Amino acid sequence: MVKILYIEADGTERSVDVTPDLTLMEGARDAQVRGIAAECGGACACSTCHVYIAPSWIDKLPAVSAHERDMLEFAWEPDPSRSRLTCQIRASELLDGLVVHVPRQQI
């Protein structure tokens, strides 16, 4: 399992064990992390699984695809340096301990 720390908008910390190769969105959804709506079910067709990645983890993630970048334009208060869609990041042992911050709202 890959431990991901989701910090909800109110500051509640949710440490979630995510099965390797599942997306961070699937892990958040299964653990009922508040603020991850995931309305498109992981198809990268909305931005309701938007999060801010802790700065120390940015360079450890796979690159943002052009499609994800386009969808992030629709996210609530995106931060070009830290915003990602959790449906586009697969859990792996390299991400064990990853910290993500859930925004106050989704679109």
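Above this note sits the structure.
(A) Molecular detail of the nonpolar core. Ranked by internal contacts, the top residues of the largest apolar core, which has 31 residues, are Ile4, Tyr6, Ile36, Ile53 and Leu98. Counting only elements with at least two residues in this core, the list comes to strand E1 (2–7), strand E2 (13–18), helix H1 (24–30), strand E3 (50–53), helix H2 (66–72) and strand E5 (98–101). The element best represented in this core is E1, accounting for four residues. Excluding residues within four positions of it along the chain, Ile53 makes contact with Ile58, Leu61, Arg82, Arg84, Ile89, Leu98, Val99 and Val100.

(B) Geometry of the sheet that holds E3. As summarised here, the arrangement of the five strands in space is E2-E1-E5-E3-E4, forming an open sheet in which the pairing is mixed. Looking at which strands have only one partner, the edges of the open sheet turn out to be E2 and strand E4 (83–85). Within the sheet, the average angular offset between the axes of one strand and its neighbour, ignoring direction, is 40°. Direction of pairing for E3 relative to E4: antiparallel, over a ladder of three bridges. Paired with Tyr52 across the bridge in E4 is Ser83.

(C) Representation of unusual backbone geometry within the structure. Of note, the phi angle at Gln32 is positive, near 55°, even though the residue is not glycine. Turning to its location among the elements, Gln32 is positioned in the loop between H1 and E3. Not every positive phi belongs to a glycine, and Glu77 is a case in point at roughly 45°. For Glu77, a relative accessible area of 49% corresponds to the partly exposed category.

(D) Summary view of the pattern of salt bridges. Inspection of every chain in the model, using the stated rule, returns seven salt bridges. Two residues, Asp17 and Lys3, come together in a salt bridge whose shortest N-O distance is 2.9 Å. On the criterion of sequence distance, the pair formed by Asp17 in strand E2 and Lys3 in strand E1 is long-range, its members being 14 residues apart. A residue is classified by how much of its surface remains accessible, and Lys3, at 37% relative accessible area, is partly exposed.

(E) Layout of the pairing of E5. Bridge count for E1 against E5 is four bridges, and the pairing is parallel. Directly across from Leu5, in E5, lies its bridge partner Val99. Pairing of E3 with E5, which is carried by two bridges, proceeds in the antiparallel orientation. Pairing of Ile53 across the sheet is with Val100, part of E5.

Reading the values: the criteria
Residues numbered from 1 in each chain as written. Predicted model: local features only at pLDDT ≥ 70, side-chain atom pairs only at ≥ 80, totals over all residues. Heavy atoms only, no water. Core = buried A, V, L, I, M, F, W, Y, C linked by side-chain atoms within 4.5 Å. Buried < 20%, exposed > 50% of the residue type's maximum accessible area, 1.4 Å probe, protein only. Helix = DSSP H or I, 4+ residues; strand = E, 2+ residues; numbered from the N terminus. Contact = heavy atoms within 4.5 Å. Pairing = 2+ DSSP bridges. Axes fitted to C-alpha atoms, helices over the stretch in contact; angles between N-to-C directions. Salt bridge = Lys/Arg side-chain N within 4 Å of Asp/Glu carboxyl O.

Remember that the coordinates give geometry; whether it matters functionally is a separate question.
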